[in-house]
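Here's the letter readout for the chains.
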Amino acid sequence: MRALWAKLVGGAGLIGLAAGFAFWQYQEYQHEAQLARCALQRQAEALHHAIVGGIRSHRRMGRFLEVQIQAALEELVEAQDVLAVAIATTDGKRILSAGQRDYMEPLPTERGFLWQPEALVYINQFTLSPDASFRGLGGGAPWWNRNAEQAQSPANPGGPWWAAEEKRPQASGTRGGGGPKSGWGRMAWLDPPTGSELLLAAGGEFLALLALDRTGTDAAIGRAARLRFWLASVGIGLIFCTVLAGWMAFRLLQTRNQAYLLEMEARHLRDLSQAAAGLAHQTRHPLGLLRGWAQRLAQSDLQSDEARQRAQALMEECDRLTARLNQFLAFARPRDPEPQPVPLTELIRELEVLLQPDWESKHLRFRYYSPLDGVDLLEADPDMLRQALFNLLQNAIQASPEGGEVEIRLTSGHDGRCRLTVADQGPGVPEQDQPKLFTPYFTTREEGVGLGLAIVRRIATAHGWQVGYQRRPEGGSVFWIAGLRRCQ
């Protein structure tokens, strides 16, 4: 459970680190995109100021006002990134315009920036003061009334018109009347001022509309997005590679430590097996002599019934001591398995007969569930598999209540491996004792030795299998061996 929690915490930390790096790159992309949009907005504001300044500087040019401003607008839309430009009243009535009309029909009146799919539309208001020098139909009076104007003018009191003409400097070009400002502009009776000129000369509040091409800005934002995406991908990849390298280094160190421990354990077991062989040689012979004499005493007619009972008890103790000695030898003297096909059905029937006195005394039932395809031929060492399954069944029988059931099940996995389980209906193993299972000399029974499950684990390790325990949902214990191979 601790290992699982450690993996979950480590995985969550790795995902959090990767997500944090990705979020950082996303924030950087948002910053770069905002900078690109702000640059386009500043360009729109600068062009707006230039247009307003041009209108104010050309407003005193009389007849040429509309021509100059219109030419300036058309020249502006020919520049790069400018799609349309317009001057309008505050109620949306267009005065002068140039460029694509898609952005001016209908003309928006809302102030500020409007981001459209292909353009940035900027609309802002500006103010023009009334032009006091603009005199409606021209800069001076018509020629037929010029003398009267000069005669009444305070700047030229009295005198004929030619006298005044001699005093006035001449100018080239077509001139109108000789009004008080000596205008040389339009001929009022032929070319009256346009509505645009009158509106701009009258002054007031106006709107300037600019539509700028956002293709370059979108391309820059797209490049920033691709750059940040690849940076995030590479960064996350480096994080995972670093974590993977660290994990592999840790696993390598752990494997080396395990190999060292296994080597030390193997060396210890070799020494232990030698000592166990000597102990068996020195113990089995006296035990055999004791059991032989006890058997003779039990069968002798010269002894009383009480003496024969004591002799029978001595025989049973010798048998029990021999069984425990054999268990110790089986644990302390491992051997390499010699795999061959083992029919599991026949092996279970053999063990059922061997354990019949034990399970019949408790009125138990044996149930074996083979795989769905019916193939239960396993690749294993017959004697070692028999010993492992014998120990599991013996524990299940001892833990089962009266009239219970022992269930044996063989299931096949997707990787071609099998799982062998032995389940009982007993009380189960307490949670605090579960980590101690499969360790030598640990038992929950007073009469137990604590080597049965340790032998099962050693046999499984020799074959490359895994062993484990889990509680049965409906009550009881389930011991399993996983990783068995089936013979096809």
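Residues numbered from 1 in each chain as written. Predicted model: local features only at pLDDT ≥ 70, side-chain atom pairs only at ≥ 80, totals over all residues. Heavy atoms only, no water.

A.B. asks: Give me the lowdown on the overall build of the chain, citing residues and values where you can.
C.D. replies: Within the chain, the secondary structure is distributed over eleven helices and twelve strands. The proportion of buried residues among the 488 residues of the chain is 34%. Taking the contacts inside the chain whose residues are at least 6 apart along the sequence as the reference set, 71% of them involve residues at least 24 apart. Accessible area of the chain: about 29600 Å², with a carbon and sulfur share of 56%. (Helix = DSSP H or I, 4+ residues; strand = E, 2+ residues; numbered from the N terminus. Buried < 20%, exposed > 50% of the residue type's maximum accessible area, 1.4 Å probe, protein only. Contact = heavy atoms within 4.5 Å. Areas by Shrake-Rupley, 256 points an atom, 1.4 Å probe, with all protein chains shown as cover.)

A.B. asks: I'd like to hear about helix α8 (residues 344-354), residue by residue, with values.
C.D. replies: Regarding α8, the residues found buried are Leu344, Leu347, Ile348 and Leu351. Looking down the long axis of α8, one finds its buried residues gathered within 100° of arc, a one-sided arrangement. Facing away from the buried side of α8 by over 90 degrees, the exposed positions are Glu346, Arg349 and Val353. In this fold, the buried residues of α8 make contact with β6 (340-343), β7 (365-369), β8 (377-380), α10 (382-399), β9 (405-412) and β10 (417-423). (Arc of directions from axis to C-beta.)

A.B. asks: Describe the pairing of strand β3 (residues 112-115), listing the residues and the values that go with them.
C.D. replies: Strand direction decides the pairing type here: β3 and strand β4 (residues 119-128), joined by four bridges, are antiparallel. When the sheet's bridge partners are listed, glycine 112 is paired in β4 with isoleucine 123. (Pairing = 2+ DSSP bridges.)

A.B. asks: Describe the pairing of strand β2 (residues 94-99), with residues and values.
C.D. replies: Along a regular strand, successive side chains alternate from one face of the sheet to the other. Pairing of strand β1 (residues 82-89) with β2 involves five bridges; the strand directions are antiparallel. Note on β2: the bridge partner recorded for alanine 86 is serine 97. Between β1 and β2, which follow one another and run antiparallel, lie four residues, and glycine 92 among them has a positive phi close to 95°.

A.B. asks: Outline the packing of aromatic side chains, supporting the account with residue identities and numerical values.
C.D. replies: A full pass over the atoms with the stated rule returns eight aromatic pairs. Where phenylalanine 21 meets tryptophan 24, the ring centres are 5.5 Å apart and the plane angle is 70°; that geometry is what we call edge-to-face. Of this pair, phenylalanine 21 and tryptophan 24 are both found in helix α1 (residues 2-58), three residues apart, which corresponds to roughly one turn of the helix. Residue classification places tryptophan 24 among the partly exposed residues on the basis of a relative accessible area of 45%. On the numbers, 5.6 Å between centres and 45° between planes, the contact of tryptophan 359 with phenylalanine 366 is tilted. Relative accessible area serves as the criterion here: at 14%, tryptophan 359 is assigned to the buried category. Given the relative accessible area of 17%, phenylalanine 366 is considered buried. Aromatic ring contacts, followed pair by pair, group Phe438, Tyr469 and Phe479 into a single cluster. The ring of tryptophan 480 is capped by arginine 419, whose NZ or CZ atom sits 4.3 Å from the centre of that ring. (Phe/Tyr/Trp six-rings, centres within 6.5 Å; stacked < 30°, edge-to-face > 60°. Lys NZ or Arg CZ within 6 Å of the ring centre and 35° of its normal.)

A.B. asks: Could you give me a rundown of unusual backbone geometry, with the residues and numbers involved?
C.D. replies: The backbone of histidine 363 shows a phi angle near 55°, a positive value even though the residue is not glycine. One can find histidine 363 in the loop between α9 (356-361) and β7. The class for histidine 363 is exposed, based on a relative accessible area of 57%. The residue phenylalanine 438 is not glycine, and still its phi comes out positive at about 70°. Among the secondary structure elements, phenylalanine 438 is positioned in the loop between β10 and α11 (452-463).

A.B. asks: How would you explain the packing of α8 against α10 if you had to name every residue and give the values?
C.D. replies: Contact pair α8 / α10: the axes reach a minimum separation of 11 Å and the direction vectors enclose 50°. Relative to α10, α8 is oriented oblique. Of the two possible hands of crossing, α8 and α10 adopt the one that is right-handed. Facing α8, whose interface residues are Leu344, Leu347, Ile348, Glu350, Leu351 and Leu354, α10 presents Leu385, Arg386, Leu389, Phe390 and Leu393. Taken together, the residues of the contact of α8 with α10 sort by class into nine nonpolar, no polar and two charged. (Axes fitted to C-alpha atoms, helices over the stretch in contact; angles between N-to-C directions. Parallel < 35°, antiparallel > 145°, perpendicular 65-115°, else oblique. Left-handed = near helix turned anticlockwise from the far one by under 90°. Nonpolar A, V, L, I, M, F, W, Y, C, P; charged D, E, K, R; others polar.)

A.B. asks: Describe the sheet that holds β4, naming the residues involved and giving the relevant values.
C.D. replies: Pairing is antiparallel in the open sheet, where five strands are placed in the order β2-β1-β5-β4-β3. The outermost strands of the open sheet, each flanked by one partner alone, are β2 and β3. The mean inter-strand angle of the sheet, taken between neighbouring strand axes irrespective of direction, is 15°.

A.B. asks: So what's going on with helix α5 (residues 195-202)? Which residues, and what values?
C.D. replies: Turning to α5, its buried residues are Ser196, Glu197, Leu200 and Ala201. Within α5, the buried residues cover an arc of 125° as seen down the axis, which keeps them to one side. Where α5 ends, the next residue or the one after it, glycine 203, has phi of about 75°, a positive value.

A.B. asks: An account of the nonpolar core is needed here, citing residue identities and associated values.
C.D. replies: Counting 40 residues, the largest nonpolar core has Leu344, Leu389 and Leu393 as the members making the most contacts within it. Only α8, β8, α10, β9, β10, α11 and β12 (477-486) provide two or more residues apiece to this core. Counting residues per element, this core draws most heavily on α10, at eight residues. The contact partners of leucine 393, leaving out residues within four places of it in the chain, are Leu351, Leu355, Phe366, Val406, Ile408 and Val422. Counting 25 residues, the second-largest nonpolar core is a separate cluster that includes Leu40, Ala44, Ile87 and Ala208. (Core = buried A, V, L, I, M, F, W, Y, C linked by side-chain atoms within 4.5 Å.)

A.B. asks: Which residues make up the confidence of the model for the chain, and what values do they have?
C.D. replies: The share of residues in the chain with pLDDT of 70 or more is 80%, and the mean pLDDT across the chain is 78. Note that residues 136-190 has pLDDT below 50 and, in this model, 62 contacts with residues that lie over four places away or in other chains. (pLDDT = per-residue confidence, 0-100.)

A.B. asks: Which residues make up the pattern of salt bridges, and what are the values?
C.D. replies: Enumeration over the complete set of coordinates arrives at eight salt bridges. Arginine 367 is paired through a salt bridge with glutamate 405; the nearest N and O atoms lie 2.5 Å apart. Pair noted here: arginine 367 is in strand β7 and glutamate 405 is in strand β9, with a separation of 38 residues, a long-range link. Between glutamate 474 and arginine 472 there is a salt bridge, with its nearest N and O atoms 2.8 Å apart. Salt bridges sharing common partners tie together Glu407, Arg409, Arg472 and Glu474. (Salt bridge = Lys/Arg side-chain N within 4 Å of Asp/Glu carboxyl O.)

A.B. asks: Lay out the side chain of serine 400 in plain terms, naming residues and giving numbers.
C.D. replies: With respect to the helices and strands, serine 400 occurs in the loop between α10 and β9. Side-chain polar atoms of serine 400 contact the backbone oxygen of alanine 396, separated by 2.6 Å. (Polar contact = N/O pair within 3.5 Å; in protein donor to acceptor, adjacent residues only side chain to side chain.)

A.B. asks: Break down the side chain of asparagine 391 for me, citing the residues and quoting the values.
C.D. replies: When you line up the elements, asparagine 391 lands in helix α10. According to the relative accessible area criterion, asparagine 391 is buried, its value standing at 5%. Residues within four places of asparagine 391 in sequence aside, it is in contact with Gly452, Ile455 and Val456.

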